[in-house]
Structures are given as C-alpha cells and as structure tokens.
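Given next are the chains, with one letter for each unit.
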Number of protein chains: 2
Amino acid sequence: MNTVSLSCELCTQAGGEILWQDESCRIVRVADPHYPGFCRVIWREHVREMSDLDEFQQLQLMRIVFAVESVVRELFSPDKINLASFGNVVPHLHWHIIPRWRDDRHFPEPVWGSVRRESGQAERPSVSNEVLATALASVLDSGI
Amino acid sequence: MNTVSLSCELCTQAGGEILWQDESCRIVRVADPHYPGFCRVIWREHVREMSDLDEFQQLQLMRIVFAVESVVRELFSPDKINLASFGNVVPHLHWHIIPRWRDDRHFPEPVWGSVRRESGQAERPSVSNEVLATALASVLDSGI
C-alpha cells in the first residue's frame, strides 16, 4: 500500500481549514455557507477503503468521526447528522460529517442531490473555526 | 429513548431480504438491479444518530458494517465502496453499503445524485441471497 500518491489532492493538500490532527488523520472544516459545521475527517495515508485498514485503525478513525458528530450536534443543533465515505472522485479515505436542517437546500435528499429550495431563513448557529477547533480538542485530546 | 416507534417503517418492516441478524441489528439486501450487492445494516432499536449509541454499541455496529464491506468487495469486485448513514427520511439508524462501478448509472456521483448514463454493459457478478448470507455468516459468526 502506498502511503502517499503525488496525484492525489488529499495527499498533497489539506482539503480545508485544519481544526485538529494527529498522526493518523486530520479534521478539516468544509467552507460551505449552506452547511455550517460541515467537517471532513481525512485519513493521512493514501488508503482506498475502510476494509483496507486493520481493525484498530478502523475503530480509531470511527471514534474520531463520532467525536466530530457529537461536537457538531452540540454546537450547531442540526435536525439530523449525515455521515458518508464515498471517495468516487478522490479515492483517498475520508468521511463527511454534515449537519442537516429540515429547511436546508436539499433536505430530505443527501446534499449531493438536486437543490430543492433556497436555504431556510432560520438562523444557523455561527461558530468560528477557533471555537470548533477548541471543542474538538477538548473531546479528542482527553483520550476518548 | 424509545426502542420502537410504531410510525417508523424500519421498526415495523424488515426493509429488505434479511441476510443476517443478531440481537442488535440486521443486514438486508436492497433489491436494486443497478447495484447488485447493495446492503443495509439496520440497528434494531429506534435510535436516531450514531452518537446516541454508547461506544461499545458504536463499535459493534461498525464492525458489522465493515464486515459487509469486506464480503461485498470479495463477492462483487466493485471499483469502489460507498458507505453512508443519512436517515433524513427515516430517522432510524441504518447504514448503506453500496458497491460502485466506474460505468454505473451515477458514477462518480453518489447514487442519490442525477442519473448520468444507463448502466454499463460490463457484466456484474450474479450472487444469490443464499451465497451472500452464507458469506456474511462465515465472517460474522466467527466472532469478529
């Protein structure tokens, strides 16, 4: 298994504002004004599928994904959380953690579906990268 | 937390052909001719989000999801695996495990996106429910 692919954008670029990282992966914030709190967890090595990781690595990665889910629920109070690992375009293991609201652009479709409406008028929480990063660190660095 | 909701279709119906089940969840096959091998893992109790489970339950569920991924890769040799937990329509915890091919109807979009082409002409493996169920049992009942 190659650990880096020079043609892979997730090997060569951060892929977003880095909120937290360790030796195995990084959490980045996705700059999407329709989905504040949208984060990705990106595995550091150039690995294709979850089943290419060993069991310890799988559980390590999912603990981080679920920690992001908990923090995003706490800070953004969405109606639902969506989790996905696709990698069809960039086959480098990464997870999407997406807060959803009933009046968001695509609800109840996934955010990759067709736009159903303009974003709802309801206020979404405004949370800075610093606040989000601090909340993630407080969960992840406490040794979950 | 209610364990059953009478208005929830995943509490009241199987949601597909049951291939394997234990006290915590069931694996069903999704009858989609474009995506042979498409399976769902459905948590038994009416729980909304992964972060509503305790850590043991989270890891128990993900071990099953990754076992399905391994079996689907082995039997269907897809170009990619897609994993997702949405629940926007049915907010009862369930995971989609979807084998993808470069010439499938939506590639590289998620299967919830717009149809890009008719399915490719390449043969997809034909695997019966019985063979799939046996393969899942051989992994899951061996005590992963």
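Residues numbered from 1 in each chain as written. Chains lettered and ligands numbered in written order. Predicted model: local features only at pLDDT ≥ 70, side-chain atom pairs only at ≥ 80, totals over all residues. Heavy atoms only, no water.

1. With respect to the overall build of chain A
Moving on, step 1. Within chain A, the secondary structure is distributed over three helices and five strands.
Moving on, step 2. Radius of gyration (C-alpha) of chain A: 15 Å, near the 15 Å computed for a compact globule of 144 residues.
Moving on, step 3. Once the C-alpha set of chain A is aligned to its principal axes, its extents read approximately 45 × 35 × 25 Å.
Moving on, step 4. When the 144 residues of chain A are sorted by exposure, 53% land in the buried category.
Moving on, step 5. A sequence separation of at least 24 residues applies to 50% of the contacts in chain A between residues at least 6 apart.
Moving on, step 6. Here chain A has roughly 6500 Å² of accessible surface; of this, 48% comes from carbon and sulfur atoms. (Helix = DSSP H or I, 4+ residues; strand = E, 2+ residues; numbered from the N terminus. Rg over C-alpha atoms; globule rule 2.2 N^0.38 Å. Buried < 20%, exposed > 50% of the residue type's maximum accessible area, 1.4 Å probe, protein only. Contact = heavy atoms within 4.5 Å. Areas by Shrake-Rupley, 256 points an atom, 1.4 Å probe, with all protein chains shown as cover.)

2. Details of the relation of the copies chain A and chain B
Each of the two chain copies can be generated from the other by rotation about an axis followed by a shift along it.
Moving on, step 1. Mapping chain A onto chain B calls for a rotation angle of 180 degrees and an axial translation of 0.0 Å; the resulting RMSD is 0.0 Å. Expressed as an axis order, the relation between the two copies is that of a two-fold axis.
Moving on, step 2. Mapped onto chain B, 100% of the interface residues of chain A are again interface residues, and the two copies thus contact each other with one and the same surface. (Least-squares fit on C-alpha atoms with pLDDT ≥ 70 in both.)

3. Things to note about the nonpolar core
Moving on, step 1. The biggest cluster of nonpolar side chains holds 64 residues, and the ones touching the most others in it are Trp95 of chain A together with Trp95 of chain B.
Moving on, step 2. The residues touching Trp95 of chain B, leaving out its near neighbours within four places in the chain, are Leu83 and Trp95 of chain A together with Cys39, Arg40, Val41, Met50, Leu61, Met62, Val65, Leu83, Ala84 and Ser85 of chain B. (Core = buried A, V, L, I, M, F, W, Y, C linked by side-chain atoms within 4.5 Å.)

4. Details of the environment of Val41 of chain A
All names here are of chain A.
Moving on, step 1. Positionally, Val41 belongs in strand E3 (residues 39-43).
Moving on, step 2. The spacing of Val41 and Pro99 is 58 residues in sequence and 14 Å in space, taken between C-alpha atoms.
Moving on, step 3. When sequence neighbours within four positions are dropped, the list of residues in contact with Val41 reads Cys25, Arg26, Ile27, Leu61, Ile64, Val65, Val68, Leu93, His94, Trp95 and Ile97.

5. A short note on the packing of helix H2 (residues 55-76) of chain B against helix H3 (residues 129-140) of chain B
Residues and elements named next belong to chain B.
Moving on, step 1. At their nearest, the axes of H2 and H3 sit 10 Å apart, and the two run at 130 degrees to each other. In terms of their interaxial angle, H2 and H3 are classed as oblique. When the axes of H2 and H3 are compared, the crossing they make is right-handed. Between H2 and H3, the residues in contact are Ile64, Ala67, Val68, Val71, Leu75 and Phe76 and Val131, Leu132, Ala135, Leu136, Val139 and Leu140, respectively. (Axes fitted to C-alpha atoms, helices over the stretch in contact; angles between N-to-C directions. Parallel < 35°, antiparallel > 145°, perpendicular 65-115°, else oblique. Left-handed = near helix turned anticlockwise from the far one by under 90°.)

6. What about the interface of chain A and chain B?
Moving on, step 1. Contacts between the two partners involve 35 residues from chain A, matched on the other side by 35 residues from chain B.
Moving on, step 2. Contact with chain B buries area across many residues of chain A, yet Lys80, Phe86 and Asn88 of chain A alone supply 20% of it, more than any other trio.
Moving on, step 3. Counting the contacts that link chain A with chain B gives six salt bridges.
Moving on, step 4. In this structure, Arg73 of chain B engages Asp52 of chain A in a salt bridge whose closest nitrogen and oxygen atoms are separated by 3.0 Å.
Moving on, step 5. For the side of chain A that touches chain B, the elements supplying multiple residues, two or more each, are helix H2 (55-76), strand E4 (80-85) and strand E5 (94-100) of chain A.
Moving on, step 6. For the side of chain A that touches chain B, the element with the highest residue contribution is H2 of chain A, accounting for nine residues. (Buried area = accessible area lost by both parts, 1.4 Å probe. Salt bridge = Lys/Arg side-chain N within 4 Å of Asp/Glu carboxyl O.)

7. Structural notes on the side chain of His46 of chain B
Residues and elements named next belong to chain B.
Moving on, step 1. Take His46: it is sitting in the loop between strand E3 (39-43) and H2.
Moving on, step 2. With relative accessibility at 18%, the residue His46 sits in the buried group.
Moving on, step 3. Within the local environment of His46, its side chain forms a polar contact with the side chain of His92, the two groups lying 3.2 Å apart. (Polar contact = N/O pair within 3.5 Å; in protein donor to acceptor, adjacent residues only side chain to side chain.)

In short, the description is geometric, and any link to function would need to be established separately.
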